[in-house]
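For reference, the chains in residue letters:
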Amino acid sequence: MPDDLNWAIGGEAGDGIDSTGKIFAQALSRAGRHVFTSKDFASRIRGGYTAYKVRTAVDRVESVVDRLDILIALTERTVDENMDELHDDSVIIFDGERTMMSDFEAPGEMTGLDVPLKRLAEEAGGAIVRNIVALGAACEVAGFPIENLDEALEKRFGDKGSAIVDTNKQAARLGQEYVQDEYDLTTDYELETTDNDYVLLNGDEAIGMGAIAAGCRFYSGYPITPATDVMEYLTGRVDRYGGKVVQAEDELSAINMALGAARAGARSMTATSGPGIDLMTETFGLIAQTETPLVICDVMRSGPSTGMPTKQEQGDLNMTLYGGHGEIPRFVLAPTSVAECFHKTIEAFNLAEKYQTPVFLVSDLAMAVTEQTYEPEQFDMDAVEIERGRVVDEDDVEEWTNEKDQFTPHAATDDGVSPRTFPGVEGGAHMTTGLEHDELGRRTEEEEIRVEQVDKRQRKVETALEREDWSPREFGDSDSDNLVISWGSNEGAMLEAIDFLEEEGVDVRFLSCPYIFPREALAEEIREADEVIVVECNATGQWADVLEHDALERVKRINKYTGVRFKADELAERVKQELAGETAEVEAE
Amino acid sequence: MSSDIRFTDFKSDAQPTWCPGCGDFGTMNGMMKALANTGNDPDNTFVVAGIGCSGKIGTYMHSYALHGVHGRALPVGIGVKMANPNLEVMVAGGDGDGYSIGAGHFVHAVRRNVDMSYVVMDNRIYGLTKGQFSPTSREDFETSTSPEGTKQQPVNPLALALSAGGTFIAQSFSSDAQRHAEIVQQAIEHDGFGFVNVYSPCVTFNDVDTYDYFRDTIVDLEDTDHDSTDYDDAKEKILDADKEYQGVIYQDENSVGFEEREGITESMADIPDGAPDDAMDLVREFY
């Protein structure tokens, strides 16, 4: 029977949807099952439809699919919103004693389980545990041993005392027993448990954890969906290591504070989303011109302008690649999964300090709100390496001073990387400026020096191109002539799409790109493949444009800009259509 | 930090391009004297400047320095100080930089009260862009962009600072070298955000707010019975539109710098070679 189960709870914002979903996800994770969660939410605190979805299997799950097996519907709208994903074997749990669901009947062949959630909750100790009653009922439907909920409930409510925990445990059991007693279920879901120990986290948390692992000590930011979790994660935690989070008055201040902290020698970061990146753009050039190492994280959402704050998009690629006036040497990293958010954050800090440039870490809402299970070893802290680049202390500052004993912070070296002193280092005092400058950091408009400094800064990028590994992640059939390329968070959906395609006899080779720079090797791949499809969550194909420019060849494109990430089965279908030469219609959701 | 530091140690060998007679020369000299007098040396001093004539100051001084973008010098200075509280951080700016484009940052820097000093060279005009009105220009002030007067009230930076919860609010006149240096020194010694608005005349574009004007009108609070720890007394002076005051107008003696209240005592520059020893605990939090 199906072990790959799709579950959801939906209702109004403020109904405790998130915490209930999270409890279930944690219970599954602790029971040794893999979990992949997603959220539908609106940009408001209370009211409006919201849902928390959990996909779970014993094998790894990398994406969402177009199917919903068990739905806890706290409102009838929840059923309407998910009608496309429900199927004949779906089970809907609802409370028929609630006014808004009293006339509800499960559509088609679906099974509707009318469970008096509120009444049973009151029996257990209070109406507030209504969702936990539903969770107990869902466990019964899913064939998931209810004991596994207990630990998650303890984790969640332990701080509030054992009485609260017991009330919740009791609520879950009343829900389970009600279904056992009142219904003779014809569905037979059976969720197996294992001895595996997994951790469950989202992309923003992984970025925050990566930042601490990498020695980030200063973070300044301004709250914005969906980047705020990075700041909330670091607040308090980074303090344990002598660091600090400052909530700035705006994004302009945030990035300039981070720049100041970086000049003082702290590993420093800021994170924001599209509208905030716009404001920060002013300072991109200053970071590059002053050769300050800084990690700037953009957790993308739907744009332009304020767009759809709670919806997915990969629309800021051009912004991070080209944002800012003048020409700005930089690196752009786009983690391809929740775990890669951790690894790429560490890499971003190292690149920033080794090459004294801005490094853009581009994540998106889909990863930010997705919680995914991993083996803890995936976040191997022993493997973390810190590379601070050409930092000069008291002992060797002389090597970098001129005949007048002046330190040369912008010395034109062969590899383009200049020496760096932290303030406080004797003999290292120097001026740095956003103006064009000489080796001392002093303003100049002399043609020769201008060219020397521009070349020097650009040379850092060339050096990095030679010294670093910029390979994409390769999946699928390595011999296939059908090449699919994507960047950022589409990897999971495409990985599963490969399996779907294989079942239908379609082979593809898949390159998932966490490095948006440099890309010579990719151009070569494109020229060698027969069919090339570039997958991205935007309307115009920003990555496809870049690749066409590099390869001087046309590519096919799959774009989605509904505000919802790619689903694996949907993506497989569209790849198949593109390969068959059919143009897929963009489905509005 | 050594006791034989002289203010000339803070001078670079770059030749200033300020106009002859510019008030900024005196402002800068006072800053350098104050830094030397407070026992700082160039290697533990960080000067941040914004854009405009005032922004050039980092080039003419010798210290760790950053010349940033227009209006954002304060956040940079805050970042420097938070990341290394052992540094002496001084931010310099002009009236355009601080009260126009950077006005938002000014108010928040005041209320954040990081232990640093902020010296604003207020010449009541935009000099480097050749003579447009500034946020402190008078209502009837005629410039290339206000041929019939500005028709708007000048901002009162001292009142802004007071209303934002300023803990050290002072004003000086760049040409009164002795007093100006003393006042900046007090701003440095203050535990918290030491704000000094400096009358720093523009001899090229402002023929109203001149050296003579300030010399004739300025009232030194030292010559009065002003009590700088008295909030109401300070408020009265600050809101008195008819007078130009010099001296420390308000000081909260109980002020404690933000970084200290946040518990930051050490530089954040030193980090281990790898992840922290207990880093796997961070992973386990997600069980």
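This text goes with the structure placed above it.
Conventions and cut-offs
- Positions within a chain are numbered from 1, following the residues in the order the chain's sequence is written.
- The order in which chains are written sets their letters, starting at A; the order in which ligands are written sets their numbers, starting at 1.
- Since the coordinates come from a predicted model, pLDDT governs what is reported: local features require at least 70, and pairs of side-chain atoms require 80 or more to be given and counted, while whole-chain, interface and lining totals use all residues.
- Side-chain metrics rest on all non-hydrogen atoms present in the structure, leaving aside hydrogens and water.
- Runs of H or I in DSSP of at least four residues are treated as helices and runs of E of at least two as strands, each being numbered from the N terminus.
- Both definitions apply: the radius of gyration is a C-alpha atom measure, and the globule rule equals 2.2 Å times residues to the power 0.38.
- Only protein chains enter the area calculation, which uses a 1.4 Å probe; residues under 20% of their type maximum are buried, those over 50% are exposed, and those in between are partly exposed.
- Residues are treated as being in contact if the distance between any of their heavy atoms lies within 4.5 Å.
- Accessible areas in this description were obtained via Shrake-Rupley with a 1.4 Å probe; residue shielding takes into account the shown protein chains only.
- Think of it this way: Lys and Arg go in the positive column, Asp and Glu in the negative one, and His and the chain ends go nowhere.
- For this purpose, a charge sits on NZ of Lys, CZ of Arg, CG of Asp or CD of Glu.
- The criterion for an aromatic pair is that two Phe, Tyr or Trp rings (for Trp, the six-membered ring) have centres within 6.5 Å, with stacked assigned to planes under 30 degrees apart, edge-to-face to planes over 60 apart and tilted to the rest.
- Ring-over charges, as used throughout, are those where CZ of Arg or NZ of Lys falls within 6 Å of the ring centre and within 35 degrees of the ring normal.
- Within this scheme a cavity is a closed region of a 1 Å grid, computed over the protein atoms alone, that accommodates a 1.4 Å probe without allowing it to escape, whereas a pocket is open but has protein on both sides within 12 Å along at least five of seven lines; lining residues each have an atom within 4 Å of a point.
- Grid points are joined across faces, edges and corners, and a volume is the space filled by probe spheres set on the points.
- Classification convention: Asp, Glu, Lys, Arg as charged; Ala, Val, Leu, Ile, Met, Phe, Trp, Tyr, Cys, Pro as nonpolar; all other residues, Gly among them, as polar.
- Salt bridge, as used here, is a side-chain nitrogen of Lys or Arg placed within 4 Å of a carboxyl oxygen of Asp or Glu.
- Side-chain atoms alone can form a polar contact between residues adjacent in sequence; in general such a contact is a pair of N or O atoms within 3.5 Å, and within protein one must be able to donate a hydrogen while the other accepts it.

(A) Summary view of the overall build of chain B. Scanning chain B for helices and strands turns up 11 helices and 8 strands. On C-alpha atoms alone, chain B measures out to a radius of gyration of 20 Å, which is about the 19 Å that the 2.2 N^0.38 rule sets for 287 residues. Dimensions of chain B, computed from the C-alpha atoms along their principal axes, are close to 70 × 45 × 40 Å. Looking at chain B as a whole, 61% of its 287 residues qualify as buried. Residue pairs at least 24 apart in sequence account for 72% of intrachain contacts in chain B once pairs closer than 6 positions are excluded. Roughly 11,300 Å² of accessible area belongs to chain B as shown, and the carbon and sulfur atoms make up 46% of that amount. Between the centroid of the 19 positive side chains of chain B and the centroid of its 47 negative side chains there is a distance of 5 Å.

(B) Structural view of the packing of aromatic side chains. Evaluation of the coordinates by the stated rule reveals 25 aromatic pairs over all chains. Taken together, a centroid distance of 6.1 Å and an interplanar angle of 90° make the contact between Phe24 of chain A and Phe144 of chain A edge-to-face. Of the two residues, Phe24 of chain A is situated in helix H1 (residues 17-30) and Phe144 of chain A in the loop between helix H4 (130-142) and helix H5 (147-157); the sequence distance between them amounts to 120 residues. We note that Phe24 of chain A, like Phe144 of chain A, is buried. Cluster of aromatic residues (ring-pair linked, three or more members): Phe331, Tyr355, Trp470, Tyr515 and Phe517 of chain A. Taking NZ or CZ as reference, Lys33 of chain B lies 5.0 Å from the ring centre of Phe7 of chain B, over its face.

(C) Region of the structure containing empty space enclosed by the protein. Residue and element names in this part refer to chain A. With the rule as written, the count across this model stands at 7 cavities of 30 Å³ or more. Around the largest cavity, the lining is made up of 14 residues, and of these Arg263, Glu291, Arg420, Thr421 and His430 lie nearest the centre. Residue classes in the lining of the largest cavity are distributed as 5 nonpolar, 6 polar and 3 charged. If you trace the second largest cavity, you find it lined by Phe36, Glu62, Thr336, Ser337, Val338, Ala366, Met367, Thr370, Gln372, Ser489, Gly492 and Arg565. Class assignment for the residues of the lining of the second largest cavity results in 4 nonpolar, 6 polar and 2 charged.

(D) Structural context of the interface of chain A and chain B. Contacts between chain A and chain B engage 69 residues on the former and 48 residues on the latter. Scanning the region where chain A abuts chain B turns up 7 salt bridges. Among the ionic pairs, Glu285 of chain B bridges to Arg240 of chain A, the shortest N-O distance being 3.6 Å. At the junction of chain A with chain B, the criterion picks out 28 residue pairs in polar contact (both at pLDDT 80 or more). Elements with a minimum of two residues in the side of chain A that touches chain B: strand E7 (199-202), helix H7 (203-213), strand E8 (216-221), helix H8 (228-237), strand E9 (244-247), helix H9 (251-263), helix H10 (274-289) and strand E15 (431-433) of chain A.

(E) Inspection of the environment of Thr187 of chain A at higher detail. All names here are of chain A. Here Thr187 lies in the loop between helix H6 (162-182) and E7. Judged by its relative accessible area of 16%, Thr187 falls in the buried class. Taking the C-alpha atoms as reference points, Thr187 and Val91, 96 residues apart in sequence, are found 8.3 Å from one another.

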